[in-house]
Amino acid sequence: MLRTIIAGLKARTARLVLSSVAIALGVAFVTGTLVLGDAMTASLRDEFAKGARNVDVSVTVSGESSSPDEIPGITPETLAKIRQAPGVAAADPRDFQTVPLVAANGKAKSAWAVPLASNEKLNEFDLVDGRYPTKDDEIAVDKRTASTSKLTIGQPVVLLGEGDQRHTYTLVGTYQQGTNQVSLSGYDHVGLTAAAFQALEPERPPYQVVATAAAGFTQQQVVDNVRKAIGDSGFKIQSGEELTRETLERVEQQSGEFTTVLLAFAIIALVVAAMVIYNTFTILVAQRTRELALMRCVGASRAQVFRGVLAEALVMGLAASVIGLFGGIGVSALLQRVIFSFGEGGGTVLLPVTATTVAASFAVGTLVTVLAAVLPARKATRVAPVAALRSQPDSGEEVSRTSVVRVLTAVLFGVIGVGGIVFGMGIEDEDAAMFVSGAGTMALLAAVLVLGPLLVGPVNRVLGALPRAVLGVPAKLASANAGRNPKRTAATTAALMIGVTIVSLVTVVANSAKETANAEIDQRMPADYTVTSAVYGRPLPKELAEQLADVPEVDRVAPTTVVYGEREYFTGVPRDAIGTLFRPTVTSGSLDDLGDGTVAVNAQYAKRQGVAVGQVVTVKPGQGQAQELKVVAIVEGQRLSDGIMTMETSSRFPQAAEGYESILVKLKDGVANGRAAVEKVTDPSPLAVVDSAAETKEQLNQQLNQVLGFIWALIGLAVVIALFGIANTLTLSVLERTRESALLRALGLTKGQLRLMLVVESVLMALMGAAIGLLLGIGFGWVITEALSNDTISVDLVVPFGQIGVMLAGAVVAAILAAALPARRAARTSVVAGMAEA
Amino acid sequence: MSALVSDVGTRTAVAAANLVKVYGKGDTAVRALDGVSVEFAAGRFTAIMGPSGSGKSTLMHCLAGLDNVDGGSVNIGGTEITSLGDKELTRLRRDRVGFVFQAFNLLPTLTAEANILLGLELAGRKPDREWFDTIVDVLGLRDRLKHKPTELSGGQQQRVACARALVARPDVVFADEPTGNLDSRSGAEVLDFLRMSVRKLGQTVIMVTHDPVAASYADRVVLMADGHLAGEIDNPTADSVLSALKHLGA
């Protein structure tokens with residue numbers, strides 16, 4: 001038997017390789033994902049290992065501070081006590097804050113600032129160039145910051161401290177911080193001496209102090225001594241080992257989440273690959289009916305036939321796993337390069353291949369293949385020995401009858417799906433609604449998959465109408481061929497259908513979200529330009545609004561402030577801007593009543609808090625006194641703030657009194673080059689950034705398109721696998737129909753027509769998958785947008801016809817490519833040889 | 001010659017009693033076999049003949065246990081096979097029955113040698129090398145053993161099929177139009193071999209054919225028409241078979 005299997009594999013190598021490509025791609029995806037996850041864990045581990053190196057004791061602020069005005073932290077007195085504790089060789093504060101860094105063009109960017117350890121052992125970075133700062137007017141920056149902000153050693157570097165005070169430092173060195181969230185975020189990173197760091201925001205004490213032990217002390221002894229010195233309350237005192245363990249746990253959790261997302265895509269790819277494999281084996285078995293029957297005649301038992309087919313699948317799965325494993329390592333290297341290219345400085349490509357990864361790829365590759373082959377193998381055992389004596393393999397028996405089980409299964413999935421969707425749409429919480437409705441759509445997808453063979457006939461008749469009318473006999477034959485074995489056609493197109501469904505679903509939802517966001521921007525930015533602060537939490541100076549108002553090209557300006565309560569935030573706008581630059585839709589009450597001490601709240605906020613016009617809301621800011629504000633109106637708008645109040649009212653809150661959140665600028669009609677005029681005023685201010693609605697939209701759209709592109713690429717893999725499936729089915733069908741093709745040729749079909757016939761068949765199958773997939777995807781997209789919509793946010797369905805057209809065109813082109821080889825093969829066979837083949 | 005085989009013509013190798021086989025249902029039902037009873041002696045070469053649709057192939061399928069029957073019984077070497085399950089039938093085919101078909105006798109993926117030994121390998125039996133060599137030499141396949149079926153002529157392919165049928169020393173070899181796809185010279189070679197395997201090696205061969213010349217190689221011809229036995233001829237010649245067939249057709 002073994003010999004037969006090996007000989008069979010050898011003889012069918014080309015065919016099996018084609019099918020194993022599908023599995024190999026799926027495995028490559030899984031492997032790539034796992035390797036990437038491990039690589040991220042490893043590099044984060046490296047990073048955190050740096051953070052924890054030489055740390056024997058870590059003191060972190062834990063509990064609540066005693067008074068609300070005091071920011072919790074480690075006071076200089078506590079630091080001194082730690083330093084004096086027996087066994088502490090050195091102790092340094094660890095902290096970070098975002099600080100605006102003024103780049104070469106005079107504009108501020110957010111940067112992470114950290115205090116560098118005074119003790120070299122406690123430093124968490126690796127020096128690249130120069131040296132670390134020793135004086136308070138010196139600074140070091142991370143390698144990438146130096147290159148993006150074009151900073152060289154010896155140059156001055158400007159940071160904006162509290163109150164936009166400019167602090168100038170001399171750059172003395174660059175360091176490498178490795179791959180972590182900060183470096184991936186694209187933020188700049190600068191290091192200062194502890195004193196210089198403290199000077200940026202004097203009243204904020206550090207949240208952590210790390211210490212290294214003197215020779216002769218164990219970690220535990222030093223921990224105990226530190227605990228004795230500063231007491232237990234309000235601090236979490238950990239040994240270096242505990243700190244390492246804790247951070248590593250966090251690291252793994254984080255990279256685990258990322259891996260999970262990618263794995264979801266890998267699973268889609270594998271499901272599609274499994275369908276292709278299933279199909280391949282089904283066809284292989286159907287095609288080898290006579291061979292199997294001959295084996296049965298010669299004395300092969302059912303079990304031997306079953307094992308034979310499975311063994312073939314096993315070998316194929318193993319081979320595909322090996323290819324996939326190496327492919328996946330390549331994929332991971334590629335993905336890391338892509339990730340590094342987002343930031344500049346780059347990083348080291350890590351390719352950790354763990355035993356788990358290898359085991360997983362082999363398990364997935366072989367298991368999926370073998371499982372996909374089980375049904376076909378069972379079918380193979382049912383081949384009657386007498387089939388060896390028939391001149392033509394009996395392909396009629398495979399034509400499906402509507403089995404009760406099939407319909408019942410489809411109905412079951414359908415009911416679950418519709419139930420999930422209806423239930424999900426009723427849920428107020430967006431995430432939960434999307435999840436439940438999303439699961440519902442997947443159940444519906446399953447229902448359609450189960451019903452596939454029944455759908456093939458009608459869909460084929462509809463889609464085939466045009467080619468039948470235009471292309472004549474070959475197209476008629478092609479359409480008949482596509483419909484002759486509904487089960488096979490359904491299985492072939494199902495893979496593509498899944499891919500297209502998910503792609504179009506994501507595309508529709510993303511585009512709908514984009515349109516909604518754009519509408520929101522229009523609403524939020526009624527002005528021509530909006531001036532905002534480049535740095536979060538740094539308001540714009542008030543003079544800026546006056547300066548802007550004085551510009552001759554400017555019609556009017558409206559500054560806004562922001563007031564943060566405990567669970568809400570409100571926008572403060574000048575009274576006279578309401579109705580001009582601010583035009584919220586009023587659902588009850590009147591904005592005319594909006595005056596000092598009153599507020600107009602957003603409908604969603606009103607619902608959440610259960611307030612109505614005439615009632616009072618209490619806003620308790622982070623700093624300062626709680627204020628009671630009377631609700632005079634309820635307004636509606638896409639995700640505006642929770643409400644608006646007048647500038648005067650907002651100035652009751654200290655944080656809003658500091659400066660402006662944004663300044664809306666409306667130009668006079670017909671002004672050309674308004675932007676230059678506005679920028680003349682804003683340029684000297686490092687914080688001020690000028691945005692127009694159009695630009696903001698473009699930025700947002702770019703980001704969404706990037707995400708969409710990423711998802712297209714991921715699902716694209718599944719689509720590629722699916723197209724391999726079509727090529728596969730066609731190749732096998734061509735082999736199966738050698739005799740038929742020869743007969744057609746004998747009857748006068750030209751080679752070109754024969755090729756055309758196969759191309760049309762391929763295109764029909766691809767379109768079947770794509771058309772059903774698109775319908776489902778758009779329908780599901782509608783479901784998801786409806787689920788996302790609630791009282792205050794309505795996501796409108798937007799069908800991106802352009803992108804869908806691209807998808808359809810892609811499917812057609814790919815189908816033509818998929819048909820190329822099989823068509824060549826069919827046309828090459830000579831008529832006589834084809835007829836002779838029994 | 002007969003020293004090798006002592007029970008020529010005395011023992012029954014295959015017997016059928018009242019065989020009924022119906023294809024289809026209701027109005028379209030066809031009684032392909034309508035109560036056929038026939039015996040085949042061991043060590044004899046029997047040809048089953050008849051016009052198209054006479055039921056000769058169906059008879060062979062039922063005799064060989066390839067097809068199930070709707071009535072009657074089949075006995076091979078003392079074993080009643082109509083009641084056997086798939087497992088027992090498989091074992092029967094492995095150990096006690098050999099097949100030679102009109103076409104598609106060989107697995108295209110295996111060499112001639114592997115094809116010959118396939119049945120034994122499936123059964124997990126060691127081939128009797130001496131016997132194997134005898135058959136290969138008699139059939140003149142020695143220098144073709146390493147070739148794939150596609151590299152063999154039609155006649156060679158049929159000879160490989162004969163070798164495979166014989167290598168397990170079955171109780172009976174069923175041959176279904178073994179010369180149907182061959183030119184007359186190759187066909188004669190194959191028939192010569194089948195006859196020789198009966199006379200010299202003591203095999204039992206049952207052959208279905210519609211060619212009177214092929215039938216003339218047999219010791220006995222069983223004639224069929226419309227699902228019934230329609231007579232038999234001992235020690236046939238091409239002419240006697242032809243005239244019997246003409247009689248049937250009339």
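Worth saying up front: this structure is predicted, and the values here are computed from it rather than measured. (Residues numbered from 1 in each chain as written. Chains lettered and ligands numbered in written order. Predicted model: local features only at pLDDT ≥ 70, side-chain atom pairs only at ≥ 80, totals over all residues. Heavy atoms only, no water.)

**A word on the overall build of chain B**
Heads up, the rule is: Put simply, DSSP H or I for four residues or longer makes a helix, DSSP E for two residues or longer makes a strand, and each gets a number counted from the N terminus. Whether a residue is buried, partly exposed or exposed follows from its accessible area with a 1.4 Å probe, protein chains only, as a fraction of its type maximum: under 20%, in between, or over 50%, in that order. By definition in these notes, contact holds between two residues if any of their heavy atoms fall within 4.5 Å. Throughout, the Shrake-Rupley method with a 1.4 Å probe supplies accessible areas, and for residues the shown protein chains are the sole cover considered.
Helices and strands together make up the secondary structure of chain B, namely eight helices and 10 strands. Scored against the burial criterion, the 250 residues of chain B give a buried share of 52%. The long-range share in chain B, meaning contacts at least 24 apart out of those at least 6 apart in sequence, stands at 68%. Summed over its atoms, the accessible surface of chain B is roughly 10700 Å², and 48% of this surface lies on carbon and sulfur atoms.

**A closer look at the side chain of B:Ser216**
All names here are of chain B. To be explicit about the condition: Pairs of N or O atoms are called polar contacts if they sit within 3.5 Å, as long as, within protein, a hydrogen donor faces a hydrogen acceptor (for residues adjacent in sequence, only side-chain-to-side-chain pairs).
Summarising the element assignment, Ser216 is placed in the loop between α7 (212–215) and β9 (220–225). In this structure the side chain of Ser216 is engaged in a polar contact, spanning 2.4 Å, whose partner is the backbone oxygen of Val213. Setting aside its immediate chain neighbours within four residues, Ser216 contacts Pro236, Thr237 and Ala238.

**Considering unusual backbone geometry**
Residue and element names in this part refer to chain B. Its identity as a non-glycine residue notwithstanding, Asn18 has a phi of 55°, on the positive side. Following the sequence through the fold, Asn18 ends up in strand β1 (residues 12–23). A relative accessible area of 51% means that Asn18 is categorised as exposed. One non-glycine residue, Glu177, adopts positive backbone phi at about 45°. By secondary structure assignment, the location of Glu177 is in the loop between β7 (172–176) and α6 (184–199).

**Describing the sheet that holds strand β6 (residues 97–100) of chain B**
All names here are of chain B. Cut-off, in case you're wondering: One requirement defines pairing of two strands: DSSP has to find at least two bridges between them. Simply put, an axis is a line fit to the C-alpha atoms, just over the touching stretch for a helix, and the angle between two N-to-C directions goes from 0 to 180 degrees.
Strand order in this open sheet of six strands is β6-β7-β8-β3-β9-β10, and the pairing throughout is mixed. At either end of the open sheet lies a strand with only one pairing partner, and these are β6 and β10 (228–234). This sheet shows a mean twist of 20° between the axes of neighbouring strands, independent of strand direction. Summarising the sheet, strand β3 (residues 45–49) and strand β8 (residues 205–208) pair through four bridges and their orientation is parallel.

**Observations regarding empty space enclosed by the protein**
Spelled out, the test is: A cavity here means a set of points on a 1 Å grid, drawn over the protein atoms and nothing else, where a 1.4 Å probe fits but cannot get out; a pocket is an open set with protein on both sides within 12 Å along at least five of seven lines, and a residue lines either one if it has an atom within 4 Å of a point. Grid points are joined across faces, edges and corners, and a volume is the space filled by probe spheres set on the points. Charged means Asp, Glu, Lys or Arg here, nonpolar means Ala, Val, Leu, Ile, Met, Phe, Trp, Tyr, Cys or Pro, and polar covers whatever is left, Gly included.
Scanning the entire structure with this criterion turns up eight cavities of 30 Å³ or more. Roughly 110 Å³ of internal volume is contained in the second largest cavity. Around the second largest cavity, the lining is made up of 15 residues, and of these A:Val298, B:Val97, B:Gly98, B:Arg164 and B:Ala165 lie nearest the centre. Class assignment for the residues of the lining of the second largest cavity results in 10 nonpolar, two polar and three charged.

**Quick word on the interface of chain B and chain A**
Rule in force here: Note: buried area is the sum, over both parts, of the accessible area (probe 1.4 Å) each one loses when the two are combined.
Taken together, the contacts link 24 residues of chain B with 24 residues of chain A. For the pairing of chain B and chain A, the buried interface totals around 2200 Å² over both sides, and the portion due to carbon and sulfur atoms is 64%. Here chain B and chain A share four residue pairs in polar contact (both at pLDDT 80 or more) between them. Elements represented by at least two residues in the side of chain B that touches chain A include exactly α2 (86–96) and α3 (112–123) of chain B.

**What to know about the sheet that holds strand β1 (residues 57–61) of chain A**
Residue and element names in this part refer to chain A. Read from one edge of the open sheet, four strands run β2-β10-β1-β11, paired in antiparallel fashion. Two strands in the sheet have a free side with no partner beyond their single neighbour: β2 (88–94) and β11 (235–239). Across the sheet, the mean angle separating the axes of adjacent strands is 20° when strand polarity is ignored. Across five bridges, β1 lies against β11 in antiparallel orientation. Within the sheet, the bridge partner assigned to Val57 lies in β11 and is Ser239.

**A closer look at the packing of helix α9 (residues 289–298) of chain A against α2(B)**
Pairs of packed helices are described in terms of their axes, by the angle between the two and the distance that separates them. Our working definition: An angle counts as roughly parallel when it lies under 35 degrees, as roughly antiparallel when it exceeds 145, as roughly perpendicular when it falls between 65 and 115, and as oblique in every other case.
For the pair α9(A) and α2(B), the least separation of the axes is 6 Å and the interaxial angle reads 80°. Comparing their axes, α2(B) and α9(A) come out roughly perpendicular. Facing A:Arg296, A:Cys297 and A:Val298 of α9(A), the residues of α2(B) in contact are B:Asp86, B:Thr90, B:Arg93 and B:Arg94. A per-class count over the contact of α9(A) with α2(B) returns two nonpolar, one polar and four charged.

**Description of the nonpolar core**
Looking at soluble globular proteins, one finds that nonpolar side chains tend to be buried together. So the rule is basically this: Residue types Ala, Val, Leu, Ile, Met, Phe, Trp, Tyr and Cys, when buried and joined through side-chain atoms within 4.5 Å, form a set referred to as a nonpolar core.
Counting 114 residues, the largest nonpolar core has B:Val14, B:Leu19, B:Leu63 and B:Phe174 as its most contacted members. The dominant element in this core, judged by the number of residues it contributes, is helix α8 (residues 240–287) of chain A, at 12 residues. Setting aside anything within four residues of it in sequence, one finds B:Leu19 in contact with B:Leu33, B:Asp34, B:Gly35, B:Val36, B:Leu59, B:Cys62, B:Leu63, B:Val69, B:Gly71, B:Gly72, B:Ser73 and B:Val74.

**A short note on the confidence of the model for chain B**
All names here are of chain B. Short version of the rule: As a per-residue quantity, pLDDT reports the predictor's confidence and falls between 0 and 100.
Taken as a whole, chain B shows an average pLDDT of 84; of its residues, 95% reach a score of 70 or greater. For chain B, per-element mean pLDDT is lowest for helix α8 (residues 238–249), which scores 81, and highest for β8, which scores 92. Note that pLDDT drops below 50 for residues 1–7; the model gives that stretch four contacts with residues more than four away or on any other chain.

**Observations regarding the packing of α3(B) against helix α4 (residues 129–139) of chain B**
Residues and elements named next belong to chain B. Cut-off, in case you're wondering: Should the near helix be turned anticlockwise from the far one by less than a right angle, the crossing is left-handed, and should it be turned clockwise, the crossing is right-handed.
Packing of α3 against α4 brings their axes to within 12 Å, and their N-to-C directions diverge by 130°. Between α3 and α4, the crossing angle belongs to the class labelled oblique. The way α3 lies across α4 gives a crossing that is right-handed. Residues Glu113, Ile116 and Leu117 of α3 touch α4, and the partners they reach there are Arg129, Phe132 and Val136. When the residues that make up the contact of α3 with α4 are grouped by side-chain class, the tally is four nonpolar, no polar and two charged.

**Focus on the pairing of β9(B)**
Residues and elements named next belong to chain B. Taken across its six residues, β9 has six buried, putting it largely inside the fold. Burial of β9 is two-sided: the residues Arg220, Val222 and Met224 facing one way and the residues Val221, Leu223 and Ala225 facing the other way are all buried. In the sheet, β3 pairs with β9 via four bridges, with the strands oriented parallel. Bridged to Ile48 within β9 is Val222.

**Describing the side chain of A:Thr571**
Residue and element names in this part refer to chain A. Structurally, the position occupied by Thr571 is in strand β14 (residues 569–573). Residue Thr571 is classed as buried on the basis of its relative accessible area of 15%. Dropping the residues within four chain positions of it, Thr571 is found in contact with Thr560, Thr561, Phe582, Ser641, Gly643, Ile644 and Met645.

**A few points about α9(A)**
Residues and elements named next belong to chain A. Among the 10 residues in α9, 10 count as buried, and that is most of the element. Along α9, the residues classified as buried are Thr289, Arg290, Glu291, Leu292, Ala293, Leu294, Met295, Arg296, Cys297 and Val298. Immediately beyond the C-terminal end of α9, within one or two residues, lies Gly299, with a positive phi of roughly 125°.

**Regarding the confidence of the model for chain A**
Residues and elements named next belong to chain A. Of the residues in chain A, 86% have a pLDDT of 70 or more, and the chain-wide mean is 76. For chain A, the element scoring lowest by mean pLDDT is helix α5 (residues 181–185), at 53; strand β6 (residues 138–142) scores highest, at 87. Of the regions scoring below 50 in pLDDT, residues 65–69 engages in two contacts with residues more than four places distant in sequence or in other chains.

**As for helix α12 (residues 404–425) of chain A**
All names here are of chain A. Threshold: Expected helix span is given by 1.5 Å per residue-to-residue step, counting one fewer step than there are residues. By arc we mean the arc of the directions from the helix axis to the C-beta atoms, nothing more.
Here α12 contains 22 residues, and its C-alpha end-to-end distance of 31 Å stays within 8% of the 32 Å for a straight helix at 1.5 Å per residue. Those residues of α12 not exposed but buried are Arg406, Ala410, Gly414, Gly417, Gly420, Ile421 and Gly424. Buried residues of α12 fall within an arc of 135° about the axis and therefore sit on the same side. Opposite the packed face of α12, turned more than 90 degrees from it, sit the exposed residues Val404, Val405, Leu408, Leu412, Val415, Val422 and Phe423.

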